[in-house]
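Coordinates in review
Chain residues, written in single-letter form:
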Amino acid sequence: MQQPRTALAQRIAERRRGDDDPRALVGEMRRSVLLVPVAGGGLWSVPSGGVRWICGFTDEAALARFALYHGPGDQPMDYAALLGARIVDEIVPALGEPAGLAVDIATEDGSMFFPPVVGIVADEVAVDTGRAGEVRP
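Conventions we followed
Residues numbered from 1 in each chain as written. Predicted model: local features only at pLDDT ≥ 70, side-chain atom pairs only at ≥ 80, totals over all residues. Heavy atoms only, no water. Helix = DSSP H or I, 4+ residues; strand = E, 2+ residues; numbered from the N terminus. Buried < 20%, exposed > 50% of the residue type's maximum accessible area, 1.4 Å probe, protein only. Contact = heavy atoms within 4.5 Å. Areas by Shrake-Rupley, 256 points an atom, 1.4 Å probe, with all protein chains shown as cover. Pairing = 2+ DSSP bridges. Axes fitted to C-alpha atoms, helices over the stretch in contact; angles between N-to-C directions. Core = buried A, V, L, I, M, F, W, Y, C linked by side-chain atoms within 4.5 Å.

What follows covers the overall build of the protein chain. Per the secondary structure count, the protein chain includes four helices and seven strands. Each helix and strand of the protein chain, ordered N terminal to C terminal, gives the series α-α-β-β-β-β-α-β-α-β-β. Each of the 137 residues in the protein chain was classed as buried or not, and the buried ones make up 38%. Long-range pairs, those at least 24 residues apart, make up 59% of the contacts in the protein chain between residues at least 6 apart in sequence. For the protein chain, the computed accessible surface area is about 7,800 Å², with 51% contributed by carbon and sulfur atoms.

Right, dumping it as C-alpha cells:
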C-alpha cells in the first residue's frame with residue numbers, strides 16, 4: 001500500500017505540474033515539519049552553484065530513498081524533525097553564506113528547491129537584495 005503524501009509533497013507535485021501558486025507552496029513549506037539528516041554534528045547540507053543547500057524530507061519514505069545512497073551503510077540515519085520556517089528563518093541565516101532548502105532530493109519528479117531569495121529566506125540573507133554577506137552593525 002502506498003503511503004499518502006504529505007501536504008507539502010502534494011503542493012510540490014501541483015507546482016511541478018504548474019497547477020499551484022508559488023506563494024502557497026512556500027507557505028506550506030514553512031508550516032511543514034521536515035526530516036533533516038544529521039551528520040558530523042550538523043545538519044546534512046551540500047554546496048552547489050554557490051549555495052549551501054540544507055536537505056530536508058517530507059516523510060520517512062523520502063528520507064529512506066536518500067539514505068540508500070548517502071546513509072551510513074546498514075545503520076539508521078539520524079535526523080532532526082524541524083519546522084520549515086525554522087530552517088529558513090533561523091538556520092539559514094546562521095550559516096553565514098548563501099543557503100537554501102532542498103526538499104525530497106531523492107524523489108524522482110518530486111524534489112523542490114527553495115533558494116535564498118526574498119520571500120523564502122530572511123531578507124538580510126537573501127541573495128537578490130544585494131545585501132547577502134554584508135556585516136551588519
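So, on to the sheet that holds strand β1 (residues 33-39). Here we have three strands laid out as an open sheet, ordered β2-β1-β5, and antiparallel in their pairing. If you trace the sheet from one side to the other, it starts and ends with β2 (42-43) and β5 (79-83), each paired once. Relative to β5, β1 is paired through five bridges, and the arrangement is antiparallel. Paired with Val33 across the strands is Leu83, a residue of β5.

Residues of helix α4 (residues 84-94) that are buried: Gly84, Ala85, Ile87, Val88, Ile91 and Val92. Contact partners of the buried residues in α4: α2 (22-31), β1, β2, β4 (51-56), β5 and β6 (99-103).

A few words now on the sheet that holds β4. Here four strands make up an open sheet; going across it, the order is β3-β4-β6-β7 and the pairing mixed. Where the open sheet ends on each side, the last strands, each with one partner, are β3 (45-48) and β7 (112-114). Between one strand axis and the next, the sheet turns through 30 degrees on average, direction left out of account.

Inspection of the secondary structure assignment puts Thr107 in the loop between β6 and β7. Of the residues examined, Thr107 reaches a relative accessible area of 17% and is grouped as buried. Ignoring sequence-local partners within four residues, the contact set of Thr107 consists of Ala62 and Arg65.

Glancing now at the nonpolar core. Of all hydrophobic cores here, the largest spans 23 residues; its most connected members are Met29, Ile87, Leu101 and Phe114. At the level of secondary structure, the elements contributing two or more residues to this core comprise α1 (7-17), α2, β1, α4, β6 and β7. The greatest single-element share of this core, amounting to four residues, is contributed by α4. Ignoring anything within four residues of it in the chain, the contact list for Ile87 reads Leu34, Val36, Ile54, Leu82, Val92 and Leu101. Counting residues in hydrophobic clusters, the runner-up holds seven residues, among them Leu35, Cys55, Phe66 and Met77.

These figures come from the coordinates and say nothing about function on their own.
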